[in-house]
Amino acid sequence: MTSDTTVRFLHTSDWQLGIRRWFLHTHDNADAQARFDAARLAAVRALGQLAIAQDCSFIVVAGDVFEHNSLERHTIGRALEVLKHLPVPVFLLPGNHDPLTADSIFYRTQDIDNVTVLTNTEPVAVDTPAGVVEIVGAPWLTKHATRDLVSDAIAPLEPTDRVRIVVGHGQVENRSGEFAPELIDLSALERAVADRTIDYVALGDTHSAMALDSAGAVWFSGTPETTDFHERGLRGQDSRGENNSGVALTVAVTKQPHSPEPSRVEVHEHQVGTWTFDAVEWDVNDASDVEAFLAFLSAYPNKAETVVKYALQGSVDMSTMQQLDAGLADLAPVFGALYERQRLMDLSLAPSDEDLAQCELGGYAGHALAELSELAAQPPGTSRTPERDTAHDALRLLFRLAQQR
């Protein structure tokens, strides 16, 4: 390998082909799961196109290629077909979702010429235009690890002038703030990078792309298609959760032979996925708040591939609640899924005097209306009860029936 040559490859992980999401099976969006399945396969195809466009010699997939090892036949068949047509060599690592057990799907890839499964920790030599590169895997052989598999994989290695890439899967000790035997020791990886034993660590498990070390040689790639929610917080402000998914990383490693210096590593993120999962909180106390929330939802550009779960807090009168219900009913069929986050919903229905006067209910119906109004109009922040939820539903129905008289 000459001093002026750079190795380029693509780092991805957590494809989780075959993943199911219950909220994609609603009556408003019966086809959403099928479209989501197709998008995950499309993301894999996009990885191949990205690899060619960025002059990558190969692709490493750092675990959880499949959601589990017991997928339906058509899911496996379509996944294998996509793998066959990727235009560069692909190296797959078994992860905790799809460990290399007796029933592993990875045995089905043995006849695919461009696919190599990293079944053990022995370095795999790969010929590239830049010279021979070594790929060292730390595969999961069981569903639950009891050791730091990545540290075990690099323990016997010595410094080398070859570019050496480690592919692992799991959480990192220094990032979690706690100790467990299976957590990956980040400091050990940093030392191995510094002494030229390894040059880049391609990790999977966390679904958001991020660098883990100051040198930028240890990365989670994130998943190429969204799998979980970005917690956007109050009124859609960025917060936490899966906040940088739907991407893949192109990596360039330049290693000077016969030099004491560690390799130079450049990593770039590329958007691959098309779906968005957002969790949103919103304060709603009057019609203007409802208008702002509905406008926020309406502004999503690709609603058919967007899932929003929302939690609303506040207290509104009946006309405002009806405005909200009508707006959400219009939007729900357009989204991949749009639904209440029931555990965090805290929106009280408090009929105004005008609401009550418009109903013009007397006798038993009038007494029921008054009782339901009292049950429903608990102050925001009060613990939700089944009785309160039932009162909300009953009031909505009662007002609707009263308007139809």
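Residues numbered from 1 in each chain as written. Predicted model: local features only at pLDDT ≥ 70, side-chain atom pairs only at ≥ 80, totals over all residues. Heavy atoms only, no water.

Any chance you could explain the pattern of salt bridges here in plain terms?
For side chains of opposite charge, pairing can occur when their charged atoms come near one another. Under the counting rule described, the total for this entry stands at 11 salt bridges. The shortest N-O distance in the salt bridge between E231 and R341 comes to 2.7 Å. Pair noted here: E231 is in strand β11 (residues 230–234) and R341 is in the loop between β17 (337–340) and β18 (346–349), with a separation of 110 residues, a long-range link. Comparing E231 with R341 shows no difference in burial state: the two are buried. R232 is the partner of D278 in a salt bridge, and the nearest nitrogen-oxygen pair spans 3.6 Å. Placement of D278 in strand β15 (residues 276–283) and of R232 in strand β11 is noted, with a sequence separation of 46 residues between them. For D278, a relative accessible area of 3% corresponds to the buried category. (Salt bridge = Lys/Arg side-chain N within 4 Å of Asp/Glu carboxyl O. Helix = DSSP H or I, 4+ residues; strand = E, 2+ residues; numbered from the N terminus. Buried < 20%, exposed > 50% of the residue type's maximum accessible area, 1.4 Å probe, protein only.)

Any chance you could explain the packing of helix α1 (residues 32–53) against helix α2 (residues 73–84) here in plain terms?
At a minimum axis distance of 9 Å, the contact between α1 and α2 shows a crossing angle of 15°. If you check the angle between α1 and α2, you find them roughly parallel. Helix-helix and strand crossings are classified by hand; for α1 and α2 the assignment is right-handed. Of α2, the residues touching α1 (which contributes L41, V44 and R45) are R78, A79 and V82. Class assignment of the residues belonging to the contact of α1 with α2 gives a composition of 4 nonpolar, no polar and 2 charged. (Axes fitted to C-alpha atoms, helices over the stretch in contact; angles between N-to-C directions. Parallel < 35°, antiparallel > 145°, perpendicular 65-115°, else oblique. Left-handed = near helix turned anticlockwise from the far one by under 90°. Contact = heavy atoms within 4.5 Å. Nonpolar A, V, L, I, M, F, W, Y, C, P; charged D, E, K, R; others polar.)

Please clarify how the sheet that holds strand β14 (residues 264–271) should be interpreted in this entry.
Backbone-to-backbone hydrogen bonds join strands into a sheet, with any given pair of strands oriented parallel or antiparallel. If you trace the 6 strands from one edge of the open sheet to the other, you get β4-β3-β2-β1-β13-β14, paired in mixed fashion. With one partner strand each, in any of the chains shown, β4 (115–117) and β14 form the two edges of the open sheet. Sheet twist, expressed as the mean angle between neighbouring strand axes with direction ignored, is 25°. Alignment of strand β3 (residues 90–92) against β4, held across 3 bridges, turns out to be parallel. The residue of β4 that forms the bridge with F91 is T116. The sheet strands contacting α1 are β1 (6–12), β2 (59–61), β13 (247–254) and β14, and the helix crosses β1 at an angle near 165°. (Pairing = 2+ DSSP bridges.)

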